[in-house]
Amino acid sequence: MNDVADYDLFDYDYSTYWKNRVYENNSEKLILNKEFKDKKGTFFLDIGGSYGRLTDTYYKGYSHPIIMDYSLKTLQKNKDVIKKKYPNTELIAANAYKMPFATSSIDAGLMVRVLHHIEKPEDYFKESARVFKKDAFYVQEFANKMHLKAVIRAVCKLDFKFFSKEPYNHPLTRSNAEGTDQGIAGIFYNFHPEDVKEKMEKCGFIITKKTGCSFFRMQSLKKIFGDNTLLQMEKVQQKLLSWTNIPPSIFYSTTLKKKNNDKLINNSEKLEDILVCPECKGKLNFTEKEATCTHCKHTYKKEKDIWDFRIM
Ligand SMILES: C[S@@+](CC[C@H](N)C(=O)[O-])C[C@H]1O[C@@H](n2cnc3c(N)ncnc32)[C@H](O)[C@@H]1O
Ligand SMILES: [Zn+2]
């Protein structure tokens, strides 16, 4: 069993995190808008999608976008606003390690600002490679351990162990304590780009593009230049310096290579047809408010339009 960063424990409202981060928000959308511009499909999965901050970047191309998150409270609180803006979107509470989707049922997806909460990325990548279709387009963002400031800090401290591919367990501070409370240790890892690449490739995700993000994530620069100028500067850096490991955040655009097992491909367009038991992946029997696994008999509930498939 893998630990999960449970935002519901502290009633954490993630949208507040974005109030003073216009530059970071726009920098991420710059990449995603470009990556999803001409993409099309049926089911799209936003893993750890929270209150739908990024939904506008993929909504147009996919007929059935799904925002999946472990925080049921976040989904419940934001459901009406999300549904009003993006009516085709489905909200599902579930754990990224154990997803309630049939094998090879999802056309495309993304995970942004969530991998730092994933202690066992290899387990997560294995599960995501299961749910995505062959040749699915998937974007993985991660907090980059080797960013410029961290490297300078390590050299100044003569901390050469820092340069290994091991994930770095980030100490929580007031400004980054997402989903926990002050003084409580949370799951927060920065990853080495090579480590993420190796783990993804092992599961079949072929990295087709690497894009650096938030090159100018510094309060002083925001004050001097303002969000708009910084964004223009960001555009240039994303083009020129994405090959480096300078920025604090990195996006990998990937294509999933896996065996073409036609029997397993699920081309259904109805959500219930692609939902399975997250525990044993068995078939589910549905009533209006409950889904029961025909194999392990586990029952899952639907409340106010949101399926709760959370298991650890
Ligand atoms: C920092 S927020 C990022 C939200 C969104 N992706 C964005 O960029 O705006 C992290 C989200 O990941 C969710 N999360 C963390 N661990 C998860 C897991 N194992 N399975 C599903 N969601 C998870 C949290 O509940 C939270 O909503
Ligand atoms: Zn089951």
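The following paragraphs examine the structure supplied in this document. (Residues numbered from 1 in each chain as written. Chains lettered and ligands numbered in written order. Predicted model: local features only at pLDDT ≥ 70, side-chain atom pairs only at ≥ 80, totals over all residues. Heavy atoms only, no water.)

### Focus: the side chain of Glu 35
Cut-off, in case you're wondering: Secondary structure elements are taken from DSSP: a helix is a run of H or I of four residues or more, a strand is a run of E of two residues or more, and numbering for both begins at the N terminus. Summary of the burial criterion: residues with accessible area below 20% of their type's maximum are buried, those above 50% are exposed, and those between are partly exposed, where the area comes from a 1.4 Å probe applied to protein chains only. Only heavy atoms matter for contacts: two residues are in contact if any of them lie within 4.5 Å across the pair.
Note on placement: Glu 35 falls in helix H1 (residues 22–36). Given a relative accessible area of 8%, Glu 35 falls into the buried group. What Glu 35 contacts, discounting residues up to four positions off in sequence, is Phe 137, Val 139, Lys 209 and Ser 253.

### Thoughts on a nonpolar patch on the surface
Heads up, the rule is: Patches here: salt-bridge-free residues with over 30% relative accessible area, like charges joined within 9 Å, nonpolar side chains (Val, Leu, Ile, Met, Phe, Trp, Tyr) joined within 5 Å. Throughout, the Shrake-Rupley method with a 1.4 Å probe supplies accessible areas, and for residues the shown protein chains are the sole cover considered. Salt bridge criterion: a side-chain nitrogen from Lys or Arg within 4 Å of a carboxyl oxygen from Asp or Glu.
Nonpolar side chains collect at one region of the surface, where Val 155, Leu 158, Phe 160 and Phe 163 lie side by side and expose about 400 Å² of accessible area between them. Relative to the helices and strands, Leu 158 is located in the loop between helix H4 (148–156) and strand E6 (168–169).

### Some points on the sheet that holds strand E3 (residues 90–93)
Here is the rule: Only when DSSP finds a minimum of two bridges between them are two strands counted as paired. Axis angles are defined between N-to-C directions and span 0 to 180 degrees, where every axis is a line fitted to C-alpha atoms and, for a helix, only to the segment in contact.
On the basis of which strands lie adjacent, the open sheet formed by eleven strands has the order E8-E9-E5-E4-E1-E2-E3-E13-E12-E11-E10 and mixed pairing. Two strands close off the open sheet at either side, each with one partner strand: strand E8 (205–213) and strand E10 (284–286). In this sheet, neighbouring strand axes are inclined to one another by 20° on average, regardless of whether the strands run parallel or antiparallel. The pairing of E8 with strand E9 (residues 249–256) spans eight bridges and is antiparallel. Pairing of Ile 207 across the sheet is with Thr 254, part of E9.

### Looking at the coordination of the zinc ion (ligand 2)
Rule in force here: Ligating atoms shown are N, O and S within 2.8 Å of the metal, or 3.2 Å for Na, K and Ca, and water is not included, meaning a site may look less than complete. Just to be clear on the cut-offs, tetrahedral is four donors with all angles between 85 and 135 degrees, square planar is four donors and octahedral six with opposite donors over 155 degrees apart and all others between 65 and 115, and anything else goes down as irregular.
For the zinc ion (ligand 2), the full set of protein donor atoms is Cys 277 (SG), Cys 280 (SG), Cys 293 (SG) and Cys 296 (SG), at a range of 2.2 to 2.4 Å. In this structure, the zinc ion (ligand 2) is coordinated by four donor atoms arranged in tetrahedral fashion, with angles at the metal of 95 to 120°. Counting along the primary sequence, the residues that act as donors to the zinc ion (ligand 2) give the motif C-x2-C-x12-C-x2-C.

### Regarding the site of ligand 1
How we decide: By convention in these notes, a residue is near a molecule or strand provided one of its non-hydrogen atoms lies within 4 Å of it. For the purposes of these results, a polar contact is taken to be a pair of N or O atoms within 3.5 Å, where, inside protein, one atom must be able to donate a hydrogen and its partner to accept one; residues adjacent in sequence count only when each atom of the pair is a side-chain atom.
As a structural note, the neighbourhood of ligand 1 is formed by 20 residues, with Gly 48, Arg 53, Asp 69, Ala 96 and Val 112 the closest of them. A distance of 2.7 Å is found between an oxygen atom of ligand 1 and a side-chain nitrogen or oxygen belonging to Arg 53. Between ligand 1 and Ala 96 there is a distance of 2.8 Å, counted from a nitrogen atom to a backbone nitrogen or oxygen. Taken by itself ligand 1 offers 600 Å² of open surface, and the protein chains cover 100% of this.

### Side note on the pattern of salt bridges
Taken as a whole and assessed by the stated rule, the structure comprises 18 salt bridges. Between Glu 24 and Lys 222 there is a salt bridge, with the nearest N and O atoms lying 2.9 Å from each other. With Glu 24 in helix H1 and Lys 222 in helix H6 (residues 219–240), this residue pair connects regions lying 198 residues apart in the sequence. Like Glu 24, the residue Lys 222 is buried in the burial classification. Residue Glu 201 pairs with Lys 197 through a salt bridge whose shortest N-O separation is 3.6 Å. Residue Glu 201 and its partner Lys 197 are both found in helix H5 (residues 193–202); the two are separated by four residues, about one turn of the helix. Glu 201 sits in the partly exposed class, given a relative accessible area of 34%. Classification of Lys 197 by relative accessible area gives partly exposed; the value is 29%. Three or more residues joined by partner-sharing salt bridges are found here, namely Asp 8, Asp 308 and Arg 310.

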